[in-house]
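Breakdown of the fold
Now for the letters of each chain:
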Amino acid sequence: MADVGYQSNLGIMRHFLDEFRSVLRQETPGRIPRLALNYNRASLSLLCQYPNKKLAQLALYRGINWFIMCNVMLAFWTMVLALPESKNVIDLGDDLVWLSGMGLVFTKIFYMHLRCNDIDEIIWDFDYYNRELRPYHMDEEVLGWQRLCYLAETGLYINCFFLVNFFSAAVFLQPLISKGKLPFHVIWPFQWHRADLHPKMFWILYIWLSCTSQHNLMSILHVDMVGITTFLQTALNLKLLCIEIRRLGEMRKVSDARFHEEFCRVVRFHQHIISLVKRANRAFNGTFIAQMIASFSLISISTFETIAAASVDPKMAAKFVLLAMVAFIQLSTWCISGTLVYTQSLEVAQAAFEIKDWHTKPPEIQRDISFVILRAQKPLMYVAEPFVPFTLGTYMIVLKQCYRLLALLRESM
């Protein structure tokens, strides 16, 4: 398994756009330069949020990583201390939304700190097909699907990068219009957060909060992209597995022993994917739980506050609409990616059943194919245990529960 340092990650990101353009301009599908997961990991490493075995050996890097996490916790507690100063329901909702977001950021970067070595192994194992099953393949169908997945992952990352920066600008430029306010409602010792009492300290805090929050947004973007790209890579591997299984039916002129040998190689690939999903669920379990809880709270609070602020403060209502849209987009991306894994894992059973003339094979081969069909009928899912998995069904459940909570809050007003 490749173990790259800080300079190597910097080199990977320097070639990101060139590699993306080269794949985008391909007239015929070719081999992709590297898995998109490597770009996300490199970005996290450059943000000092990925202390794996190699980088953790650097004392400076390790110290910066701990400083960043302590900095996030400091910002979180200054926001908690400001809660009692909320003057009305709208201000309280605003504080709760940012607290939920900050809690999500800290949980995800903390779990990335704990699980980065496991994630390194997962990224390495996603290249199993090119490394062990078909090291020298030039099949256009396989290359086409790999190219499509690469473009989808990198295209999603580029679009999310610009959306996150637009969101960041909207958040941090708004206080400049409303004089005397920081980007977030916080409480600091000696009244440093008050511009009328400590103007110099106020602007230092403003710059510090802006830089900290921009770093946090970039960090959570790449943490989310690691998780979402894991989903998409799983779906791609399942698609390649289906292609390999269907190709087995075209091996008519080979002996049964040769057919069984190739079938066993494909079955090992299937077992590898199943094992990979289990390990990924363990590695990302904490971030999955945090995402599910934060999505529910952010959507519920933002929607309620939008209704409450619509007639009182249109600017705050617009702000809550933006926050709700961000939460919706984030949850939608997770659930759509999870649904791809769910549906594609069920296609494996159909692909095995469609092997041509498999019923004419020897009994031991028929038995093995039957086992594959039976196992593939149990779908693979990425799940935030003890919550429900990331699928479109879960997405609808979250929206229904948010609606019920919103209706209850409106009735209680």
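Conventions adopted
Residues numbered from 1 in each chain as written. Predicted model: local features only at pLDDT ≥ 70, side-chain atom pairs only at ≥ 80, totals over all residues. Heavy atoms only, no water. Helix = DSSP H or I, 4+ residues; strand = E, 2+ residues; numbered from the N terminus. Buried < 20%, exposed > 50% of the residue type's maximum accessible area, 1.4 Å probe, protein only. Contact = heavy atoms within 4.5 Å. Areas by Shrake-Rupley, 256 points an atom, 1.4 Å probe, with all protein chains shown as cover. Lys, Arg positive; Asp, Glu negative; His and termini not counted. Charge placed at Lys NZ, Arg CZ, Asp CG, Glu CD. Axes fitted to C-alpha atoms, helices over the stretch in contact; angles between N-to-C directions. Parallel < 35°, antiparallel > 145°, perpendicular 65-115°, else oblique. Left-handed = near helix turned anticlockwise from the far one by under 90°. Nonpolar A, V, L, I, M, F, W, Y, C, P; charged D, E, K, R; others polar. Phe/Tyr/Trp six-rings, centres within 6.5 Å; stacked < 30°, edge-to-face > 60°. 1 Å grid on protein atoms, 1.4 Å probe; cavity = no way out; pocket = protein on both sides within 12 Å on 5 of 7 lines; lining within 4 Å. Points joined across faces, edges and corners; volume = space filled by probe spheres on them. Disulfide = S-S within 2.5 Å.

Remarks on the overall build of the protein
Assigned secondary structure in the protein consists of twelve helices and zero strands. Tracing the protein from N to C terminus, the helices and strands come up as α-α-α-α-α-α-α-α-α-α-α-α. Projected onto the principal axes, the alpha-carbon positions of the protein cover approximately 85 × 55 × 35 Å. For the protein, the proportion of its 413 residues judged to be buried stands at 51%. Relative to all contacts within the protein whose residues are 6 or more apart in sequence, the contacts with residues 24 or more apart total 79%. As displayed, the protein offers around 20,200 Å² of accessible surface, 64% of which is attributable to carbon and sulfur atoms. Across the protein, 40 positive and 34 negative side-chain charges occur, with their mean positions spaced 2 Å apart.

Regarding the environment of C264
As for its placement among the helices and strands, C264 is situated in helix α9 (residues 256-309). Along the chain, C264 and N281 lie 17 residues apart, while their C-alpha atoms are 26 Å from each other.

Remarks on the packing of helix α8 (residues 199-248) against helix α10 (residues 314-353)
The N-to-C vectors of α8 and α10 enclose an angle of 15°; their axes lie 9 Å apart at closest approach. The pairing of α8 with α10 is recorded here as roughly parallel in orientation. For the element pair α8 and α10, the recorded crossing hand is left-handed. Looking at the contact of α8 with α10 residue by residue, the classes come out as 14 nonpolar, eight polar and four charged.

Some thoughts on the packing of aromatic side chains
Enumeration over the complete set of coordinates arrives at 23 aromatic pairs. Consider the rings of F106 and F110, whose centres lie 6.0 Å apart with planes at 15°: the pair is stacked. Here F106 pairs with F110, and both are found in helix α5 (residues 89-125), just four residues apart, close to one helical turn. On the accessibility criterion, F106 (21% relative accessible area) is partly exposed.

Quick look at helix α3 (residues 37-46)
Of all ten residues making up α3, nine are buried, and the element is well covered by its neighbours. Taken together, the buried positions of α3 are occupied by L37, N38, Y39, N40, R41, A42, S43, L44 and S45. Remark: C48 follows α3 within two positions and exhibits a positive phi of approximately 60°.

A closer look at empty space enclosed by the protein
Applying the stated criterion to the full structure yields five cavities of 30 Å³ or more. Put simply, the largest cavity is a space of about 60 Å³. Forming the walls of the largest cavity are I32, L35, F126, D127, Y129, N130, Q146, Q233, L236, N237 and L240. A total of four residues in the lining of the largest cavity trace back to one element, the largest contributor, which is α8. Along the lines of polarity and charge, the residues of the lining of the largest cavity split into six nonpolar, four polar and one charged.

A closer look at unusual backbone geometry
For C48, which is not glycine, the phi dihedral falls at a positive 60°. Note that C48 resides in the loop between α3 and α4 (59-81). On the accessibility criterion, C48 (10% relative accessible area) is buried.

Remarks on the state of the cysteines
Scanning all chains against the criterion turns up zero disulfides. Lacking any disulfide linkage, C70 is separated from the closest cysteine sulfur, that of C48, by 14 Å. The class for C70 is partly exposed, based on a relative accessible area of 47%.

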